[in-house]
Amino acid sequence: MPTRFRQYWQQLQESLWFVPGLMVLASFGLAYGLVAFDTHTSWHGEKRFPLLFASGADGARGMLSAISGSMLTVAALAFSLTLSTISQVSSQYSPRVLRNFMRDRVNQVVMGYFVGVFAYCLIVLGTIRGTDEIKFVPSTAVLVGLLLALGGVAALIFFIHHIAESLQTGTIVQHIFHETNKAIDELFPDQFGEPIDDPEKAKAALAYADEEAGWRPVFAKKTGYLQQINTDGLLSWATRHHVVLRIEKEMGAFIGEGSLLFSVRSGMERPEPDEADWPNDLMDYVSIGRHRNVEQDVAFGIQQLVDITLKALSPGINDTTTAIMAVDYLGAVGERLARREFPARLRSDGKHLRVLVRSTDFDDYVRLAFDLPRINAKGNHAVFRRLLRALSLVASAACSDDRQPILRLQASLLMTYAGQTLATDYEKKEVWALYRKLMETWPG
């Protein structure tokens, strides 16, 4: 799917109107189909089952009017509950998690159901005729409206349960954790092209890439956050034009109109690249939006967990339990990252250098996850202890020894700050006892 269409599709998924709009259209089709069935069929349900089907035009009108009115009222209630939930989550946790509620499929489907039943009843209601000249009651369509109304009762109960469940801290942080893990597993740049394994070729390619001369700048045409990069498309583009492409911005970076986004130069195998409309071609492989998203931005998933931690530790909320839960999931995300091999800077098409990757390294992820929670845990020995356990979890999963120094540095900084901010000797002893215990089993 082209990057631009993928961005539009993502925006539709995050809207509160798209799924309800589709369900309203579906209700139009259902109403038309059932009315047409009642018009052309010789089966008369109201005669065979008079107690089950509506009796007469007036009874059908009254029932459909009652259903449509109640469905519209319940739809307004559902929208109000959703907006109230969004407001509460924004103030209690972080505005960054609002996107998760707006794209919640349950919320969209339930609201679409209520509005769809309302539209269905209006369509069927308009087809009922009770005059002496024309008498027509679409009995099957009326019966389906009654069944949809009964389904609305179940949908309302389920919706209230879902809203209450979605407001729980565990649900929110776990959803962020799963989204971040999905980004790590599916869209990690380790699958972007092939690394240059030959040391001599890699050295020559790096020297060629680091030359300052010969690069043609490609500037962004709009302002916003870098949301997605079609890495396979960029690799194919660079291979097709026999060029080397350097990505100048990291995923999630803020880009101003006219900012340097790519640099392009001829490949090592050709003196000059093919002619191409550089800006127009390359802009088709990236999407720039109003906000960050986690689909290709692991750092944004970590940032959301950090925001929840900081909000919980703020003096106005002072919720240590929520902070501890968010720190636990930060440790789990760090563990997943520690197990991954990060990509080489140089990527090839199998023969020649094609793309220079610019991505966040493991040290940056660790600093993002633990620096601010440590600073904001001032004087809270429970959070200090949880941060130590999270660091130990990440260290135990590290796939190489070169990742241990940054984790040991974080543990050392944490202990220094704990010694400076903890109020009592008891709290200091508790934290130091855990630190010494973890250091005995710390890898490396």
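Data block above holds the structure.
Here's what I pulled together on the structure shown here. None of the values given here were measured: they were computed from a predicted structure. (Residues numbered from 1 in each chain as written. Predicted model: local features only at pLDDT ≥ 70, side-chain atom pairs only at ≥ 80, totals over all residues. Heavy atoms only, no water.)

Some points on the pairing of strand 8 (residues 260-266)
Consecutive residues of a regular strand have side chains that alternate between opposite faces of the sheet. Rule in force here: The classification of residues rests on relative accessible area computed with a 1.4 Å probe and restricted to protein chains. Under 20% of the type maximum is buried, over 50% is exposed, and intermediate values are partly exposed. Strands here are runs of E lasting at least two residues and helices are runs of H or I lasting at least four, both read from the DSSP assignment and numbered beginning at the N terminus. Strands pair, by our definition, only if DSSP identifies at least two bridges between them.
Most of strand 8 is tucked away: six of the seven residues are buried. Looking at chain direction, strand 4 (residues 216-219) and strand 8 are connected through four bridges and run antiparallel. Pairing of proline 217 across the sheet is with serine 263, part of strand 8. Across five bridges, strand 6 (residues 243-247) lies against strand 8 in antiparallel orientation. Considered in strand 8, the bridge of isoleucine 247 is made with phenylalanine 262.

Examining helix 2 (residues 18-40)
Rule in force here: One less than the residue count of a helix, multiplied by 1.5 Å, gives the span that helix is expected to have.
For helix 2, built from 23 residues, the straight-helix expectation of 33 Å at 1.5 Å per residue is met to within 8% by its first-to-last C-alpha distance of 33 Å. For helix 2, the full list of buried residues reads Phe18, Val19, Pro20, Val24, Ser27, Ala31, Leu34, Val35 and Asp38.

Let's talk about the pattern of salt bridges
Counted only if it meets this: Only one rule defines a salt bridge in this text: a Lys or Arg side-chain nitrogen within 4 Å of an Asp or Glu carboxyl oxygen.
With the rule as written, the count across this model stands at ten salt bridges. The partner of glutamate 335 in a salt bridge is arginine 339, with the nearest N and O atoms 2.9 Å apart. For aspartate 371, the salt bridge identified is with arginine 374, shortest N-O distance 3.1 Å. With aspartate 371 and arginine 374 both in helix 14 (residues 362-376) and three residues apart, the pair spans about one turn of that helix. Bridged by salt links that share partners, the residues Asp185, Arg336 and Arg340 form one connected network.

Looking at helix 16 (residues 404-421)
Put simply, the rule is: By the convention used here, residues are in contact when the closest approach between their heavy atoms is within 4.5 Å.
The end-to-end C-alpha separation of helix 16 is 26 Å, in line with the 26 Å expected for 18 residues at 1.5 Å each. Along helix 16, the positions that sit buried rather than exposed are Gln404, Ile406, Leu407, Gln410, Ala411, Leu414, Met415, Tyr417, Ala418 and Thr421. Summarising the contacts, the buried residues of helix 16 are in contact with helix 14, helix 15 (381-397) and helix 17 (425-441).

Read these as layout, nothing more, since geometry by itself doesn't imply function.
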